[in-house]
Amino acid sequence: MTLQQLRYAVGIAETGSFNKATEKLYVSQPSLTAAIRDLEDELNILIFNRTSRGVTLTSEGEEFIAYSRELMEHYESVLEKYGKIGKRKKKFGVSTQHYSFAVKSFVETVKQFDTEKYDFAIRETRTKEVIEDVASFKSDIGILYLSDFNRKVIANLLEARDLEFHKLIDCKAYVYLRKEHPLANNKFITLKQLDDFPCLSFEQGDDGSFYFAEEILSTNEYKRTIKANDRATMLNLMIGLNGYTLCSGIICEELNGDDFRAVPFKDKSDEARCVMEIGYVCKRNMLLGMVGERYVECLKDYLDNVKS
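Model, not experiment: these values are computed from the prediction. (Residues numbered from 1 in each chain as written. Predicted model: local features only at pLDDT ≥ 70, side-chain atom pairs only at ≥ 80, totals over all residues. Heavy atoms only, no water.)

1. Here's the deal with the side chain of threonine 58
Its place among the elements puts threonine 58 in the loop between strand E2 (54–57) and helix H4 (59–82). On the basis of relative accessibility, which here comes to 11%, the residue threonine 58 falls in the buried class. Within polar-contact distance, the side chain of threonine 58 engages the backbone oxygen of leucine 46 at 2.5 Å. Excluding anything up to four places from it in sequence, threonine 58 contacts Leu46, Ile47, Phe48 and Asn49. (Helix = DSSP H or I, 4+ residues; strand = E, 2+ residues; numbered from the N terminus. Buried < 20%, exposed > 50% of the residue type's maximum accessible area, 1.4 Å probe, protein only. Polar contact = N/O pair within 3.5 Å; in protein donor to acceptor, adjacent residues only side chain to side chain. Contact = heavy atoms within 4.5 Å.)

2. Considering the pattern of salt bridges
For the structure shown, the criterion picks out 18 salt bridges. The residue arginine 284 makes a salt bridge to aspartate 162 at a minimum N-O spacing of 3.3 Å. Within this pair, whereas arginine 284 is found in the loop between strand E13 (275–283) and helix H10 (289–307), its partner aspartate 162 is found in the loop between helix H7 (151–160) and strand E6 (163–172), the two being separated by 122 residues in sequence. The shortest N-O distance in the salt bridge between lysine 192 and aspartate 195 comes to 3.5 Å. Among the residues examined, aspartate 195 registers a relative accessible area of 17% and is labelled buried. A single salt-bridge network, built from bridges that share partners, covers Glu159, Asp162, Glu164 and Arg284. (Salt bridge = Lys/Arg side-chain N within 4 Å of Asp/Glu carboxyl O.)

3. Topic: the pairing of strand E9 (residues 199–202)
The alternating pattern of E9 places Cys199 and Ser201 and Leu200 and Phe202 on opposite faces, both of which are buried. Inspection of the sheet shows E9 paired to strand E10 (residues 225–228) by 4 bridges, in the parallel sense. Bridge assignment links leucine 200 to a residue of E10, and that residue is isoleucine 226. (Pairing = 2+ DSSP bridges.)

4. Side note on the domain arrangement of the protein
Splitting the protein by domain gives domain 1 (3–82), domain 2 (90–167 + 277–307) and domain 3 (171–275). Each of domain 2 and domain 3 has a C-alpha centre, and the two are 23 Å apart. In this complex, domain 2 contributes 25 residues to the contact, which on the side of domain 3 involves 27 residues. For the pair domain 2 and domain 3, the two sides together bury roughly 2200 Å², of which 60% comes from carbon and sulfur. Where domain 2 packs against domain 3, one counts 1 salt bridge. Note that arginine 231 and glutamate 124 form a salt bridge whose closest N and O atoms lie 2.6 Å from each other. The tally of links between domain 2 and domain 3 comes to 7 residue pairs in polar contact (both at pLDDT 80 or more). (Domains from an automatic or database assignment. Buried area = accessible area lost by both parts, 1.4 Å probe.)

And the structure:
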């Protein structure tokens with residue numbers, strides 16, 4: 001097994017196609033196919049399922065690619081420190097549920113480093129992808145929340161991926177809507193009062209479960225529901241359809257604008273279910289590095305100002 005074979009396998013996994021991987025890796029199709037076939041024979045596993053539409057990872061393949069990415073990350077770190085290619089850019093990435101404060105903290109972090117020396121990336125994405133991105137070393141840090149409802153499922157998934165959760169803040173549920181909404185000036189809003197308006201939520205994919213929902217109280221019965229897959233669309237739906245979503249109440253007006261309002265949500269059935277424990281996930285027993293530590297500091301600084 002060689003580093004080149006690992007690089008080829010990771011490239012195929014990322015592109016989902018042998019053809020696309022040949023372009024990305026600058027290798028011929030026969031050489032790539034032979035290298036992966038030799039690798040699978042040596043390890044006595046099937047890494048990829050081949051279909052006419054492309055390739056998908058087998059269960060053994062998923063585990064193998066995760067370890068391969070980890071090994072490649074360590075290899076590149078050694079090259080950065082001791083190799084002759086000193087100009088190689090360092091990488092730092094964050095995957096997050098759709099939180100404007102996570103983006104704002106990322107912005108403040110990037111300002112403190114030379115972007116000529118770093119490749120920065122931030123991904124607002126689905127809950128499960130936040131976890132998988134960190135597990136596969138695609139991102140260094142993931143931002144998500146736990147609640148009494150989803151804690152067991154998410155915790156088990158983190159444990160299986162060798163990730164750990166670090167709490168940042170506890171938040172009660174808020175109703176987020178446009179400031180001209182009929183309920184925007186209420187001191188609090190109940191579920192009954194929301195019956196006439198569409199509940200907006202972020203799409204979690206075909207295999208999405210309400211355990212992965214970004215919105216708290218995902219198991220409640222909502223008469224009208226609409227799903228979106230990005231924050232800008234969500235805000236447009238709030239304006240165009242008087243929609244609302246349930247959130248942490250931590251809103252960055254600098255990024256989202258001042259046309260929206262967060263009103264406390266009141267649920268008589270179970271107050272405990274209305275608490276979101278927001279935090280970050282990272283690889284267990286791995287140092288975050290200088291940029292990662294600074295990003296966490298920016299998160300804490302922003303959230304401390306929110307609490308005060």
